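# Understanding the architecture of this molecule
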Amino acid sequence: MLGIKSLSFSEIQKKIERKRIMFDLSKSQKAFAEAVQLLPGGVNSPARAFGAVGGNPIFIDHAEGVRLFDVDGNEYIDYVGSWGPMILGHGHPYVTQALEKVLHSGTSFGAPTLWESELAKIVIDAVESVEMVRFVNSGTEATMSAIRLARGATGRDKIVKFAGNYHGHVDSLLVAAGSAAATFSVPNSPGVTEGTSRDTVILAYNDVPGLLSLFEKCGSEIAAVIFEPVVGNMGCVIMSPEFCDALTFVQKTYGTLLICDEVMTGFRVAYAGAQSLLGLRPDITTFGKIIGGGLPVGAYGGRRDIMQNILPAGKVYQAGTLSGNPLAMTAGIATLKTLREMNPYPYLERLGTQLVDGVLSAAKKHRIPLCANRVGAMMTFFFQDGPVTDWETAARSDTARFAEYFWKMIHQGVYFPCSQFEALFLSAAHTEDDISRTVAAAEKAFTEIVNK
Ligand SMILES: *Cc1c(COP(=O)(O)O)cnc(C)c1O
């Protein structure tokens, strides 16, 4: 009050305006300067660096429900949700209480526990094609192991993957991968030898003739086709019904296994997975993200006769010191049980419609080319007219405009994925009011973009 006394009304207004414009990220900047000395690029996963949008990443202090709070005290509506797992929002009381309870039982024994069977039962009950399951510690481990299993079970070497689909940083799958690899335009990584990727055939997503002609040539040599049933890692891209039928056709005709990578989509687009929406019956399914409820869990599961090939039931080697540890299983159990009981999917569908309709109509008003792909609580806004159906069409997006939009949203307290080629996620903790505020922020961002 004393300080304000000497200021005129217009000076106060100027001061408030300055504060609004100068969004303070100085503590994050300082933390990043230290981190780059300690961690390559200052991060433990490239998707977290703001490489595609310029500037430095924001350091998070804590989160609650759908709100993120950074180390400078700024507050954001979170649309990243740890890149997928946090479908219940952050710190959901059921998950937190369950973890607190288990913490005192011990964190890892390297011996079987009841928690593993409990989570296995939930996954097997939820996803029709899964009859047995093996838990691992990440999505990458799940897809890596699923590929080994498919090769071991079929006695074949070749695998098929689709351009722009990301299956973790498995050597043989790190070819034409999406996610951070797409963002950085790194089609291949140094350190991945020609030998390891030689048996990986890359095709375009949704390209039925491409798929069928490959199988006519060498279908009987192909162990597996691995795919994202709804792609999230080149931005959200939806599988056409014809492509879905073609996958089932090659599965039935050539004895090739379908590996449905539901690390992102499992328990996200539907409780029973994207495969339940598509009517697919894959031989092997991989999981991650949501099934760990924010702790490191991955899993692969599928047909009993195939899963029985895994050591010690069979001969395909795969192991893990911390696999199925009590804390990780507990977070997964609490999350999946809550999802099963609350069934948030109709609510998420409604919020998703509200967000897409709101943002698209704001863009239209300002004549900004924008299109959206969405399945339930998973979606991407592409800065182009569309349609986006594969990597080639996704890559036509205006990434410079995306970067501009991203920062304008950050400055209004909306935290979106920091790349055009990622999906954003809704959680059960989002409210209609959060969506309205986000649409208003987008509208303001678009106004500034066209008026600059
Ligand atoms: C995130 C993701 C992975 C990798 O999972 P990590 O836990 O990051 O190793 C694999 N496949 C898909 C479809 C993903 O979205």
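Residues numbered from 1 in each chain as written. Predicted model: local features only at pLDDT ≥ 70, side-chain atom pairs only at ≥ 80, totals over all residues. Heavy atoms only, no water.

### Things to note about the side chain of Ser28
Along the chain, Ser28 turns up in helix H3 (residues 26–38). Residue contacts for Ser28: discarding those within four places in its chain leaves Pro57, Ile58, Phe59, Val71 and Asp72. (Helix = DSSP H or I, 4+ residues; strand = E, 2+ residues; numbered from the N terminus. Contact = heavy atoms within 4.5 Å.)

### Let's talk about the side chain of Gln275
Structurally, Gln275 is set in helix H11 (residues 274–278). If sequence neighbours within four positions are ignored, Gln275 has contacts with Val127, Ser129, Cys260, Glu262, Leu280, Pro282 and Thr285.

### Digging into the confidence of the model for the protein chain
Residues of the protein chain with pLDDT of at least 70 account for 92%, and the chain-wide mean is 93. Considering only residues more than four positions removed or in separate chains, one finds that residues 1–5, a stretch of pLDDT under 50, has 1 contact. Low pLDDT, under 50, characterises residues 182–187; the predicted model gives this stretch 13 contacts beyond four residues in sequence or across chains. (pLDDT = per-residue confidence, 0-100.)

### Quick word on the site of the ligand
In the vicinity of the ligand, the residues found are Ser138, Gly139, Thr140, Tyr166, His167, Gly168, Glu228, Asn233, Asp261, Val263, Met264 and Lys289. Within the contact set of the ligand, an oxygen atom lies 2.6 Å away from a side-chain nitrogen or oxygen of Thr140. Protein burial of the ligand: of its 380 Å² of free accessible surface, 83% is covered by the chains. Here the shell around the ligand is composed, by residue class, of 3 nonpolar, 6 polar and 3 charged. (Near = heavy atom within 4 Å. Polar contact = N/O pair within 3.5 Å; in protein donor to acceptor, adjacent residues only side chain to side chain. Areas by Shrake-Rupley, 256 points an atom, 1.4 Å probe, with all protein chains shown as cover. Nonpolar A, V, L, I, M, F, W, Y, C, P; charged D, E, K, R; others polar.)

### Side note on the pattern of salt bridges
Across all of its chains, the model carries 13 salt bridges by this definition. A salt bridge links Glu443 to Lys365; the nearest nitrogen and oxygen atoms lie 3.0 Å apart. Residue Glu443 is found in helix H17 (residues 432–451), and its partner Lys365 is found in helix H14 (residues 345–365); the two are separated by 78 residues along the sequence. The partly exposed category is assigned to Glu443, whose relative accessible area is 24%. Measuring nitrogen to oxygen at the nearest pair gives 3.3 Å for the salt bridge that ties Lys408 to Glu448. A residue pair is termed long-range when its members are at least 10 positions apart, and Lys408 in helix H16 (residues 399–410) and Glu448 in helix H17 qualify at 40 residues. For Lys408, a relative accessible area of 21% corresponds to the partly exposed category. On the accessibility criterion, Glu448 (34% relative accessible area) is partly exposed. (Salt bridge = Lys/Arg side-chain N within 4 Å of Asp/Glu carboxyl O. Buried < 20%, exposed > 50% of the residue type's maximum accessible area, 1.4 Å probe, protein only.)

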